[in-house]
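Below are the chains, spelled out letter by letter.
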Amino acid sequence: MLQDRFGRRFSYLRLSVTEVCNFRCNYCLPQGYKGRADEQYLTPLELERVVRGFAAMGTQKVRLTGGEPSLRRDLPEIISRIRRIDGIHTVAVTTNGYKLPQKVKQWADAGLHQLNVSIDSLDAQEFHRITGHDRLAEVLEGIRIARAIGLKVKVNSVLMKSINDDLTHTLEFLKTNPISWRFIEVMETSDQQVFFRQFHQSGESIKNNLLKDGWQPVVSEKTAGPAQEFWHPDYAGRIGLIMPYSKDFCSTCNRLRVSSLGKLHLCLFAEQGISIRKYLQPEVELEELIRAVSNHVQGKTETHLLNSHNSGAMANLSQIGG
Ligand code: SAM
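Residues numbered from 1 in each chain as written. Predicted model: local features only at pLDDT ≥ 70, side-chain atom pairs only at ≥ 80, totals over all residues. Heavy atoms only, no water.

A.B. asks: An account of the sheet that holds strand β8 (residues 228–231) is requested, with residue identities and associated values reported.
C.D. replies: If you walk across this open sheet you meet the 12 strands as β7-β8-β9-β6-β5-β4-β3-β2-β1-β10-β11-β12, and the pairing is mixed. Each of the sheet's edge strands pairs with one partner strand only, and the pair in question is β7 (216–217) and β12 (274–275). As paired elements, strand β10 (residues 255–258) and strand β11 (residues 263–265) share two bridges and run antiparallel to each other. Paired with R257 across the strands is H265, a residue of β11. (Pairing = 2+ DSSP bridges. Helix = DSSP H or I, 4+ residues; strand = E, 2+ residues; numbered from the N terminus.)

A.B. asks: Requested: an account of helix α1 (residues 44–56), with residues and values cited.
C.D. replies: If you check α1, its first and last C-alpha atoms are 18 Å apart, about what 13 residues at 1.5 Å a residue would give, namely 18 Å. Counting buried residues along α1, 10 of its 13 residues qualify, which places the element largely inside the surrounding structure. Turning to α1, its buried residues are P44, E46, L47, E48, R49, V50, V51, G53, F54 and A55. Looking at the buried residues of α1, the elements they touch are β1 (12–18), β2 (61–66), α2 (75–83), β10, β11 and α9 (286–297). Directly after α1, the chain includes G58, whose backbone phi takes a positive value near 105°. (Expected span 1.5 Å × (residues − 1). Buried < 20%, exposed > 50% of the residue type's maximum accessible area, 1.4 Å probe, protein only. Contact = heavy atoms within 4.5 Å.)

A.B. asks: Explain the site of the ligand residue by residue, including any values.
C.D. replies: Around the ligand sit 18 residues, and of these Y27, G67, E68, S118 and M187 come closest. Protein coverage of the free-state accessible area of the ligand, which is 550 Å², stands at 95%. Within the residue set of the shell around the ligand, elements represented by two or more residues are β2, β3 (90–95), β5 (152–159) and β6 (180–185). Along the lines of polarity and charge, the residues of the shell around the ligand split into seven nonpolar, nine polar and two charged. (Near = heavy atom within 4 Å. Areas by Shrake-Rupley, 256 points an atom, 1.4 Å probe, with all protein chains shown as cover. Nonpolar A, V, L, I, M, F, W, Y, C, P; charged D, E, K, R; others polar.)

A.B. asks: Requested: an account of the packing of α2 against helix α3 (residues 100–110), with residues and values cited.
C.D. replies: Two elements in contact, α2 and α3, have axes separated by 8 Å at closest approach and are oriented at 25°. The angle between α2 and α3 falls in the class roughly parallel. The two elements α2 and α3 cross, and the hand of that crossing is right-handed. For the pair α2 and α3, the contacting residues are L75, P76, I79, S80 and R83 in the first and Q106, W107 and A110 in the second. (Axes fitted to C-alpha atoms, helices over the stretch in contact; angles between N-to-C directions. Parallel < 35°, antiparallel > 145°, perpendicular 65-115°, else oblique. Left-handed = near helix turned anticlockwise from the far one by under 90°.)

A.B. asks: An account of unusual backbone geometry is needed here, citing residue identities and associated values.
C.D. replies: One non-glycine residue, D248, lies in positive phi territory at about 65°. Along the polypeptide, D248 turns up in the loop between β9 (238–242) and β10. Exposure remark for D248: the relative accessible area of 51% places this residue in the exposed category. We note that H309 has phi near 60°; this positive angle belongs to a residue other than glycine. In this structure, H309 sits in the segment after α9. The exposure class of H309 is partly exposed, given its relative accessible area of 47%.

A.B. asks: Break down the environment of L289 for me, citing the residues and quoting the values.
C.D. replies: Mapped onto the secondary structure, L289 falls in helix α9. Between the alpha carbons of L289 and E221 there is a distance of 28 Å; along the sequence they are 68 residues apart. For L289, the contacting residues outside a window of four places in its chain are R49, V50, G53, I276, Y279 and L280.

A.B. asks: Lay out the nonpolar core in plain terms, naming residues and giving numbers.
C.D. replies: Ranked by internal contacts, the top residues of the largest apolar core, which has 97 residues, are L15, F54 and L64. For F54, the contacting residues outside a window of four places in its chain are L2, L13, T59, L256, V258, L264 and V293. (Core = buried A, V, L, I, M, F, W, Y, C linked by side-chain atoms within 4.5 Å.)

A.B. asks: So, the packing of α1 against α2: which residues are in play, and what are the values?
C.D. replies: At their nearest, the axes of α1 and α2 sit 9 Å apart, and the two run at 30° to each other. Here α2 runs roughly parallel to α1, going by the angle between their axes. Judged by the sense of rotation from one axis to the other, the crossing of α1 with α2 is right-handed. Where α1 abuts α2, its residues P44, L45, L47, E48 and V51 lie against E77, I78, R81 and I82. Its residues assigned to classes, the contact of α1 with α2 comprises six nonpolar, no polar and three charged.

A.B. asks: Please give an account of the side chain of N116 that cites residues and values.
C.D. replies: Looking at the element boundaries, N116 is found in strand β4 (residues 114–118). Overall, the relative accessible area of 1% leaves N116 in the buried class. In terms of polar contacts, N116 uses its side chain to reach the side chain of R63, at 3.2 Å. Within the structure, the side chain of N116 is placed 3.1 Å from the side chain of Q114, a separation counted as a polar contact. Setting aside its immediate chain neighbours within four residues, N116 contacts R63, V93, T94, T95, K154, N156 and R182. (Polar contact = N/O pair within 3.5 Å; in protein donor to acceptor, adjacent residues only side chain to side chain.)

If you want it as structure tokens, here you go:
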């Protein structure tokens, strides 16, 4: 099993399939995606090869992310190739929910297990202001369909002070919807330092309020993401908190990332990753990919440096995939 020098084991791969995103979230790409339109993103075969290598090293869960993964027309093919790999028991997609009602059935037919949808507000106008798109109703309808066809659905919400830190609507929603709703503390990137200073809010106060109101911690699985989850007997849904600024956040890290251009990143906030694209070609033995990844992982640092306002090479999360 792939392990680093601090004994952390990596069973979870976040695999980006594109840098392009069509939303203009205020904390990420407020001016929209400005990168090159002609980048050569990893092909379905190369993506399959990444996962074959990682699966041979103990990876069990793969999350496809971006940019916006649904902008790739071949996403169903990518899902189905990854789904068939021995050892992979969960394939998930993180999406902004754009045209989700039309797309989600194809993904489920291709073998998707889990969907993470970003919803930063359940107030339609606020959602529009944050993302640049008046599409909350469409996203919610997509979630309804996803659940009806049997997908496990989680929601990601970036927590922003005085924008969406009032949980009233979310709590109402969770009364009847068995969904895990995860608040992620906004993280500082080099593109968004001013925004971060103005809007970052720690999840600790929310955690304390939840505990006071009878929410209880859930014991998490080995391949689970970084959220601390809470459940309550009066609610069908759960609340998760992702608090990257909290003490010991990195000590349970079980994730590695590969970008859509084939770079291995040991952390969202590390320096530039290393290219593993040459190992993804059919003439190269899978062993070479495995050796390169295992060696590089030994350089993973104990923690990120976000608390000292060092975001590494991260300009915005569409580059590597959140
Ligand atoms: N386009 C997809 C989406 O919207 O979910 C996938 C990519 S997006 C980069 C993945 C997640 O990262 C989203 O939930 C997004 O809200 C979150 N994210 C982006 N920038 C962030 C930041 N600076 N701090 C915290 N979360 C961020």
